[in-house]
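What follows is the residue order along each chain.
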Amino acid sequence: MSETAIPAGWTGEFRQPRNSAAEVKGSIHDDATASKLCFKGGTVAGSIHMDQFVRGLVDLYGDRWFEPGAMSLYFTQATVDREAVQASVEPNEARAHLTMHNEAGAQICEGTATLGRDPQSELARRMAGQTPAEPAGLRILKDMAVGDEHHDIPVRIEPEHLAAYLERITEPMAAYRDEQVLPPAQIVHLAHMTRKHVLAKAAQPSVGLFGALEVEAIAGPIRAGVDYLARTRTLKFSESPRTENVWYEVVFTGKDGGPDLGRVLYLLRLMKGSSPLWGP
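Residues numbered from 1 in each chain as written. Predicted model: local features only at pLDDT ≥ 70, side-chain atom pairs only at ≥ 80, totals over all residues. Heavy atoms only, no water.

Colleague: Please provide a residue-by-residue account of the overall build of the protein chain, values included.
Modeller: Across its full length, the protein chain carries eight helices and ten strands. Computed over the C-alpha atoms, the radius of gyration of the protein chain is 18 Å, within 12% of the 19 Å expected from 2.2 N^0.38 for a compact globule of 280 residues. In the protein chain, the share of contacts with a sequence separation of at least 24, taken over all contacts with a separation of at least 6, comes to 72%. Just so you have it, the protein chain exposes about 13,000 Å², and 51% of that area is on carbon and sulfur atoms. (Helix = DSSP H or I, 4+ residues; strand = E, 2+ residues; numbered from the N terminus. Rg over C-alpha atoms; globule rule 2.2 N^0.38 Å. Contact = heavy atoms within 4.5 Å. Areas by Shrake-Rupley, 256 points an atom, 1.4 Å probe, with all protein chains shown as cover.)

Have a look at this one:
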């Protein structure tokens with residue numbers, strides 16, 4: 001019986017992602033706000049780290065990864081502006097294993113990637129394994145409910161926005177420039193346009209950060225300059241000593257509806273220390 005060879009792993013160069021939202025005062029990306037919440041400085045959005053894995057995934061799967069490809073990352077440590085980090089892709093038969101470390105060797109994130117939806121992705125397993133929060137224990141998210149939905153939200157990334165982003169991307173790819181394919185971070189940005197709808201009932205003020213992200217292309221690449229409709233669904237609540245957490249998904253269709261084209265799954269952590277509801 002012959003065996004199919006598994007390709008060798010890939011490790012990228014150390015890169016220094018920028019904190020592109022450092023000027024957003026009152027956010028986790030703002031040095032002053034992040035420091036008050038016991039971070040070492042304004043954080044680089046976890047979505048930006050996703051872009052560093054794409055070159056390794058294209059080496060593994062080819063350009064077809066942009067069409068039905070999925071990436072699922074759980075973040076274990078936040079980084080700050082220009083902190084050097086290195087991405088690695090380790091293939092196996094079922095899915096690729098993804099890891100990122102800083103120069104000191106601390107793990108920044110881990111995850112999985114596949115061609116097509118993976119029912120055993122990093123986030124699928126993490127979400128299933130988290131104990132649901134007791135509704136009475138939630139304060140920031142107490143008015144939200146599992147099953148909350150929003151539909152027909154228009155979303156679009158302009159080509160000019162993509163072009164500006166590509167000037168600072170850590171791993172440029174021809175498909176982004178020549179075909180207007182959105183990098184994973186910009187697919188998350190497209191989905192993030194729905195956040196005001198998803199969190200409309202969440203108590204304010206509060207400061208959130210990405211705890212985990214999963215990006216999936218279902219039917220071809222998601223592109224700049226294209227009008228999409230998004231729908232959202234709240235899936236689960238959990239909590240930790242420092243955060244209230246909401247899991248939700250955003251699904252894209254064409255501007256006139258039709259089949260699903262792409263999906264983003266979020267674990268959004270809301271810092272208890274940022275809310276007066278958790279004050280002394």
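Colleague: Tell me about helix 7 (residues 184-192), and name the residues and values.
Modeller: With seven of nine residues buried, helix 7 is to be regarded as a mostly interior element. Among all positions of helix 7, only P184, A185, Q186, I187, V188, L190 and A191 are buried. (Buried < 20%, exposed > 50% of the residue type's maximum accessible area, 1.4 Å probe, protein only.)

Colleague: Would you mind going over the packing of aromatic side chains in detail, with residue names and values included?
Modeller: Scanning the model with the defined rule gives five aromatic pairs in all. Relative to F66, the ring of W65 lies with its centre 6.0 Å away and its plane at 65°, an arrangement referred to as edge-to-face. Here W65 and F66 have matching classes, each one buried. Judged by centre distance (6.2 Å) and plane angle (55°), the rings of Y228 and F252 are tilted. Of this pair, Y228 sits in strand 8 (residues 228-239) while F252 is found in strand 9 (residues 243-254), placing the two residues 24 residues apart along the sequence. Residue F252 is classed as buried on the basis of its relative accessible area of 0%. By the ring-pair criterion, three or more aromatic residues cluster together here, those being W65, F66 and Y176. (Phe/Tyr/Trp six-rings, centres within 6.5 Å; stacked < 30°, edge-to-face > 60°.)

Colleague: Now, about the nonpolar core: what can you tell me, with residues and values included?
Modeller: Counting residues in hydrophobic clusters, the biggest one holds 65 residues, and the most contacted among them are F53, L57, M71, L98, F252 and Y266. Residue contacts for L57: discarding those within four places in its chain leaves G62, W65, M71, V89, L98 and A113. (Core = buried A, V, L, I, M, F, W, Y, C linked by side-chain atoms within 4.5 Å.)

Colleague: Before we move on, can you summarise the environment of M271 with the specific residues and values?
Modeller: Along the polypeptide, M271 turns up in strand 10 (residues 257-271). Assessed through its relative accessible area of 4%, M271 is described here as buried. Linking M271 and N245, residues 26 residues apart in sequence, is a C-alpha distance of 8.8 Å. Setting aside residues no more than four positions away along its own chain, M271 makes contact with L37, F39, I140, V207, L209, R242 and T243.

Colleague: How would you summarise the pairing of strand 8 if you had to cite specific residues and measurements?
Modeller: Bridge count between strand 6 (residues 149-155) and strand 8: five bridges; the pairing is antiparallel. Residue V155 lies in a different strand from strand 8, and its bridge partner there is Y228. One ladder, built from eleven bridges, connects strand 8 with strand 9; its direction is antiparallel. Paired with A230 across the bridge in strand 9 is F252. Connecting strand 8 to the antiparallel partner strand 9 that follows it, the hairpin turn spans three residues. (Pairing = 2+ DSSP bridges.)

Colleague: Give me the lowdown on the packing of helix 5 (residues 159-166) against helix 7, citing residues and values where you can.
Modeller: With their axes 11 Å apart at the nearest point, helix 5 and helix 7 run at an angle of 140° to one another. The orientation of helix 5 with respect to helix 7, classified from their angle, is oblique. The element helix 5 and its partner helix 7 pack so that their crossing is right-handed. Contact residues: H161, L162 and Y165 in helix 5; A185, Q186 and H189 in helix 7. Its residues assigned to classes, the contact of helix 5 with helix 7 shows three nonpolar, three polar and no charged. (Axes fitted to C-alpha atoms, helices over the stretch in contact; angles between N-to-C directions. Parallel < 35°, antiparallel > 145°, perpendicular 65-115°, else oblique. Left-handed = near helix turned anticlockwise from the far one by under 90°. Nonpolar A, V, L, I, M, F, W, Y, C, P; charged D, E, K, R; others polar.)

Colleague: Outline the pairing of strand 7 (residues 208-217), supporting the account with residue identities and numerical values.
Modeller: Along strand 7, ten of the ten residues are buried, which leaves the element largely enclosed by surrounding structure. Two strands pair when backbone bridges link them, and strand 2 (residues 69-75) and strand 7 are joined in this way by five bridges, in the antiparallel orientation. In the strand pairing of strand 7, S72 is matched with E214. Sheet topology note: the strand 7/strand 10 ladder contains nine bridges and is antiparallel.

Colleague: Any details on the sheet that holds strand 1 (residues 10-11)? Residues and values, ideally.
Modeller: The strand order 1-3-4-5-2-7-10-9-8-6 describes an open sheet built from ten strands, whose pairing is antiparallel. Across the chains shown, the open sheet's two edge strands, defined by having one partner strand only, are strand 1 and strand 6. Helix-sheet contacts for helix 3 (residues 54-61) involve strand 1, strand 2, strand 3 (85-90), strand 4 (96-102) and strand 5 (107-115), and the interaxial angle to strand 5 is about 30°.

Colleague: If you had to explain the pattern of salt bridges to someone new, which residues and values would you point to?
Modeller: Per the counting criterion, the structure on display carries 20 salt bridges. Of the charged contacts, one joins R117 and E216 as a salt bridge, the two residues approaching to 3.0 Å between their closest N and O atoms. Of this pair, R117 sits in the loop between strand 5 and helix 4 (122-129) while E216 sits in strand 7, and the two are 99 residues apart along the sequence. Between D143 and K142 there is a salt bridge whose closest N-O contact spans 3.5 Å. The exposure class assigned to D143 is partly exposed, which follows from its relative accessible area of 46%. Each of R117, E214, E216, E249 and R263 takes part in a single network of salt bridges with overlapping partners. (Salt bridge = Lys/Arg side-chain N within 4 Å of Asp/Glu carboxyl O.)

Keep in mind these numbers describe shape, not what the thing actually does.
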